[in-house]
Each structure stands twice: as structure tokens, then as C-alpha cells.
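Working through the structure, step by step
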Amino acid sequence: MRTRHFIAVGLLVAALPLACFSDSKPALPTLSARTRTSAALHNFDDCDGLTAALRQSLREEMRTRLVQMANQDWYWRGGMVMTEDSGSASPTSDSASGATPRVEGVDFSGTNNQEGGVDEADFVKTDGYYLYVLNGNKLEILGVPQVGELTTVGAIDIAGWPTELLLDGDTATVFSSVYLWGLDAQSELGQALVTDRASTSYPVTSLTKVTVVDLANRGAPQVTREIYLEGYYQTAREVEGSVRMVSYAWLDIPGLIYWPEVPSRYYDVLLTDSDRERLWREAIIDAVAKNDAIIAALPLDAFVPRIYERASDGSFVVRRPTAEAGCTNFAMADDAVSHGVTSIISMDLRGATFTYESDHILSNWSTVYASQSTLLIAEPAQDWWWYWNADGLDEATNVHRFDISVAGATTYTGSGRVPGTVLGQFALSESAGDVRVASTTGQWNRWWMENPTPPDNHVFVLRGATSLETLGHVGGIGTGEQLWSSRFVGDKAYLVTFRNVDPLWTIDLSDPSAPAIVGELTVPGVSTYIHPLDGDELLTIGFGGNSEALDWSTQVSLFDVSDFAHPQVDDVLSLAPELDPNAGWSWSWSEATYQHKAFQYWAPLGLLAVPLSTYRNFYTEGPEYAWGYEYRSRLQLVRVDPIGGTLSLFADVDHSSFFNDDPSRYWDWRDVRRSIFMHDSTTGSDYVYAISDRGVTAHEILADGVTERARVALPGTDTYQLYWGMVD
């Protein structure tokens, strides 16, 4: 990441007492003034400046967390006991000889990505000839020699819990979470984690692992590179062999006090409330002083995530990002207050040799978006605690823009700030250099306020070569309601807000300087994902309901937006994996209501694939008493007719038998989580492949339904073992 530099970032330290107290109450430590300047990122010139900024941010956060407890009666009346805060938030394969290569979008469907030309990491990928499936701690490779067939080709173990991968020709990049609860302290990795650190305890509970796999021989794939980064994996994108992976680290600082330590007499039943409050405040003052002392002595290494590379002999090379460029690859917004670190790892998989670049931002937990040339990192300008004693300031979001048009390089090109918060990647968009943001303002998440400002929703257009300035804005979109979904499509935007019913809003962005609300349609239920179809139709998924409330049933809707000012509902279809609601079945769900990659629409056939699942407990009385679980796991195929404006049930693919072979087993992942459509250009036949945690099936799509043609069972995921088991 390339940008201009500065020496240090700190908070304004003007004294701002929390409140005035009588002589009988000990004066609480002061908090720094809450001010805002700019979202612009500046790189540090040296490590001293980075260390000072990290210490000051942590000091202010810990002070605020403790001081805010002082005036809350439910903290000190009766001596409530609470546990300590744990910390952060959380090239196509060769075709058969002489055959025409299978092409994504024509012969098979790929991942349901937000933007064309930008592949999003997922646990299933295909190149039309093979399926690559992460299952448990393995990368399973299944062959599709002829469309409609399935063969077991190869597999390889991946350390940790592999959750997503990207595919580029004969190379797979697998992203794993390595939980350290079961890590052998004497292992090579365990030793590397505490090398040259003051504490022998691990600084994080999870590592992000990047495994590069050579797939030239699908029957015997080989690991060629393993990189571990301290922190939590967030997401990854790939554009023509160039990969950007984003993770977030919030290192544990041993000894910090998150809860005041009161003396034993605090719990004396004869103690007056006034005396108990005094003891409580004294404990807060003491905790702040102890934390200040700990923080002042912290070295830079206590804050900054490390990178570990596994060498060919199995040992680990420890890389300290701060040592690589004198901390100049670390950046922070002008007025940021955070000791969390967002890391961007950039890799060029098509280079002559494998190299990667790492850039780091002191930030809060972020939302990531990418077009083919632009990466956006959107983070809350300040974390929730910062607004304590600052009710006059509203939430805001920093949007940091990066140029990713050069393979393997990520270059900072400016930042902007919009009021409010954003809901996921679909609230962000880049088009012709303009950045579009859908946000929700209001103080609705401030639990300490009696009458917080109600929510309102907005669309902002930002522009600028070296910074992102507001070019256009429209607000008043569903005032008093929450934003549940959004989608930018060319010079149009679609937003869904909700309180009791679901208004669909159409926004005109043809003049970026003056975006405007054009239409509104109010319907029962709510849409959580919006999928644009070719032409003037929207296909959505969400939850059903009536004019009063949601009933949380899975609902698919088809909207006609050909008249942009007057959108209409063409059809609504309610889906369920089990038709008898009175047979003891648990509530049903679909992963597609919250994960767009589980939503698969195949335009050539006008078919939508939606996963649906539920389960129930059973038991039998008598001498042969038994109990267990029964599962329903289905992929529902819905016929979508955009011209006729109708939705209808077509068929379903049932994976229940994969899960019901052992009734005593409780499966965490019991959905048909992904689907892939394939077309055989030779025979003209069409198939749908369904992927669940316990198996993969291939069904031929006929005129009146589907017929199974092949299946392969999978071991399934042992969540407990992946989370708590030993790590090599």
C-alpha cells in the first residue's frame, strides 16, 4: 500500500470530566475529547509513532470501558459478578482430448459473485471438469469426466479448519482458521508463536492460514506454500490470478483489567449504597491506573500480528511486518482510535515466482468489497465505546479505497467518510470511478441513551482522485426503519427497509451528483438478498409475514421494475423443507437468506436453487427405548418465468439420507449448502449438482422433475475436532 507518511497519530487530550461529583465521591479519570477530522489514511514514518498511537488508542478504550460503569446503578448495587471481556468481535483444467472446453456461464454455473470478473472465496469451486470441496479438514477433488457423472479423484489434508478457497487454473488457494486451543505448545508452530515475546501465552486464539495447492496432478495435489497470519480470516477475492485476502487481528494483552476488582467488604449486606458506590468508583480508579501502567510498558510486538511461513523442513520462519519497512506499511486514519489491525495480503498466482505483499491498517472490524480494479475497506469510524460521553456525535463509516489493477499489488488511493453504518458488502459499489454507499444513520444501538435518534437510510456517491468526497446524497429512505438489503445495478440502486412490512425502494443514480428516490413498493415480509435478472426483474429471498410482523418462513419474490417509478410484485412463493408443521419439526431455514453464495440462479433454464433444511428429535418408549435426530435436507428448485412473472415449485434434491444414517449424530452443517448447474453441449442434457457436508449428488433435469444419476458420500465436518483438536 503506497501513500504519504506521518510520524504519529494521537488523541486530543483536553480534559473532559465525565460529570461533576460531590466531595463524597472520588473523581473519576478524565476521558479525551471526542473530535473528528478526516478518514484519510496516513502511513507511519517510524515504529515509535506506531507504538505511541497503539498505546494511546488502547489506553483510551480501556479507560472508557471502565469509566462508563460508574453511573450505572445495576453495576454496583448488590455487587453483580461478571466475567472478563474476551476481546474482539467478534487457467481452466484441460478438457478431454479434442473436446470443446467447458465455459463458466455457458456450460456450468460458478460462484454467485457480487461483481462480474471478481471471484469470491467459497468452500466449493468448479472449473467444469472437477469439483473442489472443502470438507472437514480436507480439500476433496471430485471428477466430472462427463456431465452428469461423479468420480473420486483425490484429496489433501489442510491444517486447521479450511473454510474457503479460490481457484486459478492448476492452483488452489485455501483459507483456514487455525484455533489454538489444541495446539501443542512444544510444536514448531507453538514455539514460533511465543518466540521473543514477553508472555508464554498465545497472543491470539485463532490464526488465518493460507495454503497454496498445486493441482497439476488432481489425483495427488501438493502443498507448495503455507503462510499463517495472527488474527481472524474475513474474506478473499481473485481477479485474473491476483488474490487479495483480508484478515483482522486484535491481540490479547495479558493483565488488563476489564472489570473493577472490589474489596470483600463491598459485599457486606450492611453497607449503604453510598458507601458501596464509593468502593466501586475507587475500584474503577485503581483499575484505570493499573491498566495505564501496563499499557505504557507494552512493546510494539504486543500489538502487531506476525506472519509465519512454513519452510520445507517443517520449521517456521517468523516475519514481523513492522521490521520489513520500518513500520511504513502500517497506516491509520487521521482521527482513528483503534488497536485492531486489518491486514491485506496480496498474491500474484501467475507470477514467475510466488510472492506476496502485506499492508496493515489500524482499524475497526471492516466490510470488504471489490470490483475488478478497486478494493474498498469500510470500517466504523469509531467503535461503540467511543460514543460514550459523546452523544452529540453520530456513527460514521470510513471508506478506504485501493487500486488493485496491478497484479499482486494493492495501492491506497484515498478515503472518505459517510454518516451511519453499512450492512454488508452489497451496501458498497464502485462504478466508473464513483463509490456508492448505502448506510443507516441513527443512534439506535446506544443502549445507554433513553431516547436515541431513530434510524434513517441514505445513498451517498463519493468521488475523487486522491480522496473520496461526497458528490451526491439522498436520504429519507424508510425513516424509522432498518436497512435489510441493497443492490447497486449500473445507474440504479434497490434498497429494502423494514419495520413491520417491506418497502422496496428504487433509486436513480444516473446523475451521480443528485441521486433521487423514484419509487416505493410496500409488501409484507422482507427481502434479505436482491438478485438482478436480465431485463427489468428482481429475484429476492427473505422472510414471509403479514402487515403486522414476520413469520420467518423462507420466501422467494419476483419484482417487476420495468416501470422504475412504480415497482410491482409479480409473484411470491413460500418454501419449506417439510410440509407438516405439526409433526415435531423444528423451524426451517435456508442459508441463502443470509449467504448469497447459497443462492444459485441459472438463467439458461430459468431455475433457482435454494437450500432448505430442518430437523426433529424422536424417541420410542418401551424395552427398546431409542432416541435420536431426523433431518430434512433439500435443495428446492424453483421455476422462474420473468416474462410471465411467475414462480413455481419444480423439483427438489433430497440429501436427508446422508444425515439420517446415524440417528444419534447431531450435525452442525446439515444443509445442501451449494449447487452447480451444468449443461452437456453434446447431448443437450442439463444437470444440477448439490453439495452438502455429507455428500455430493448429480441429478439430471428432465421436463417434469429431476432424476439422480450419481452420488459420492463425504465424511462430514466434526466441528468439535476442528475447533478443539490438536493442530500440527
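Each remark here, short or long, concerns the structure printed above.
Residues numbered from 1 in each chain as written. Predicted model: local features only at pLDDT ≥ 70, side-chain atom pairs only at ≥ 80, totals over all residues. Heavy atoms only, no water.

Attention now goes to the sheet that holds strand β24 (residues 434-441). Taking strand neighbours across the sheet as the criterion, the four strands line up as β23-β24-β25-β26 in an open arrangement whose pairing is antiparallel. Unpaired on one side and paired on the other, β23 (428-431) and β26 (469-474) mark the two borders of the sheet. Averaged over all pairs of adjacent strands, the angle between strand axes in this sheet comes to 25 degrees, irrespective of strand direction. Sheet topology note: the β23/β24 ladder contains four bridges and is antiparallel. Within the sheet, the bridge partner assigned to Glu430 lies in β24 and is Val435. (Pairing = 2+ DSSP bridges. Helix = DSSP H or I, 4+ residues; strand = E, 2+ residues; numbered from the N terminus. Axes fitted to C-alpha atoms, helices over the stretch in contact; angles between N-to-C directions.)

With that settled, the discussion passes to helix α1 (residues 47-67). Taking 1.5 Å of rise per residue, 21 residues should cover 30 Å, and α1 covers 30 Å from first to last C-alpha, within 8% of that figure. A large share of α1 lies buried, amounting to 16 of its 21 residues. Its side-chain oxygen 3.2 Å from the backbone nitrogen of Asp48, Asp46 forms the N-cap of α1. (Expected span 1.5 Å × (residues − 1). Buried < 20%, exposed > 50% of the residue type's maximum accessible area, 1.4 Å probe, protein only. Polar contact = N/O pair within 3.5 Å; in protein donor to acceptor, adjacent residues only side chain to side chain.)

Here we take up the state of the cysteines. Overall, the coordinates contain one disulfide when judged by the stated rule. Note that Cys47 is cross-linked by a disulfide to Cys327, the S-S spacing being 1.9 Å. Negative torsions about the S-S bond denote left-handed disulfides, and the value of about 95 degrees found for Cys47 with Cys327 makes this one right-handed. The class of Cys327 is buried, set by a relative accessible area of 0%. (Disulfide = S-S within 2.5 Å.)

Tallied over the entire structure, the rule returns 26 aromatic pairs. On the basis of an interplanar angle of 55 degrees and a centroid distance of 5.7 Å, the ring pair of Phe402 and Tyr412 is categorised as tilted. Of the two residues, Phe402 is situated in strand β21 (residues 396-403) and Tyr412 in strand β22 (residues 411-419); the sequence distance between them amounts to ten residues. By relative accessible area, Tyr412 is classed as buried at 7%. Taking 5.2 Å as the distance between ring centres and 65 degrees as the angle between the ring planes, the aromatic pair formed by Tyr629 and Tyr666 counts as edge-to-face. Of this pair, Tyr629 sits in strand β37 (residues 626-641) while Tyr666 is found in the loop between α6 (656-659) and β39 (672-679), placing the two residues 37 residues apart along the sequence. Of the aromatic side chains, those joined through ring pairs into one cluster are Tyr615, Trp627, Tyr629, Tyr631, Phe659, Tyr666 and Trp667. Above the face of the Phe564 ring, Lys492 is positioned so that its terminal group lies 4.8 Å from the ring centre. The ring of Phe650 carries Arg639 above its face, with NZ or CZ at 4.6 Å from the centroid. (Phe/Tyr/Trp six-rings, centres within 6.5 Å; stacked < 30°, edge-to-face > 60°. Lys NZ or Arg CZ within 6 Å of the ring centre and 35° of its normal.)

Next up on the list: the pattern of salt bridges. One pass over the structure, following the stated rule, counts 35 salt bridges. A salt bridge links Arg59 to Asp292; the shortest N-O distance between them is 3.9 Å. The salt bridge partner of Asp127 is Arg218, with a shortest N-O separation of 3.6 Å. One end of the pair, Asp127, is in the loop between β4 (124-126) and β5 (130-135); the other, Arg218, is in the loop between β10 (206-214) and β11 (222-230), with 91 residues separating them in the sequence. The buried category is assigned to Asp127, whose relative accessible area is 6%. Through salt bridges with shared partners, one network takes in Asp122, Glu591, Arg673 and Arg674. (Salt bridge = Lys/Arg side-chain N within 4 Å of Asp/Glu carboxyl O.)

With phi around 50 degrees, Glu240 is a residue other than glycine that occupies positive phi space. As for its placement among the helices and strands, Glu240 is situated in the loop between β12 (232-239) and β13 (242-249). Notably, Ala432 is not glycine yet its phi reads approximately 50 degrees, a positive angle. As for its placement among the helices and strands, Ala432 is situated in the loop between β23 and β24. Judged by its relative accessible area of 81%, Ala432 falls in the exposed class.

Next up on the list: the side chain of Ser675. Looking at the element boundaries, Ser675 is found in strand β39. Ignoring sequence-local partners within four residues, the contact set of Ser675 consists of Ser109, Gln600, Ala609, Leu635, Val688, Tyr689 and Ile691. (Contact = heavy atoms within 4.5 Å.)

The six strands lie next to each other as β8-β9-β10-β11-β14-β15, forming an open sheet whose pairing is antiparallel. Taken across any chain shown, the strands that pair with only one partner, and hence form the sheet edges, are β8 (161-168) and β15 (316-319). Between one strand axis and the next, the sheet turns through 20 degrees on average, direction left out of account. By the bridge criterion, eight bridges tie β10 to β11 in an arrangement that is antiparallel. Within β11, the position partnered with Thr208 by the bridge is Leu229.

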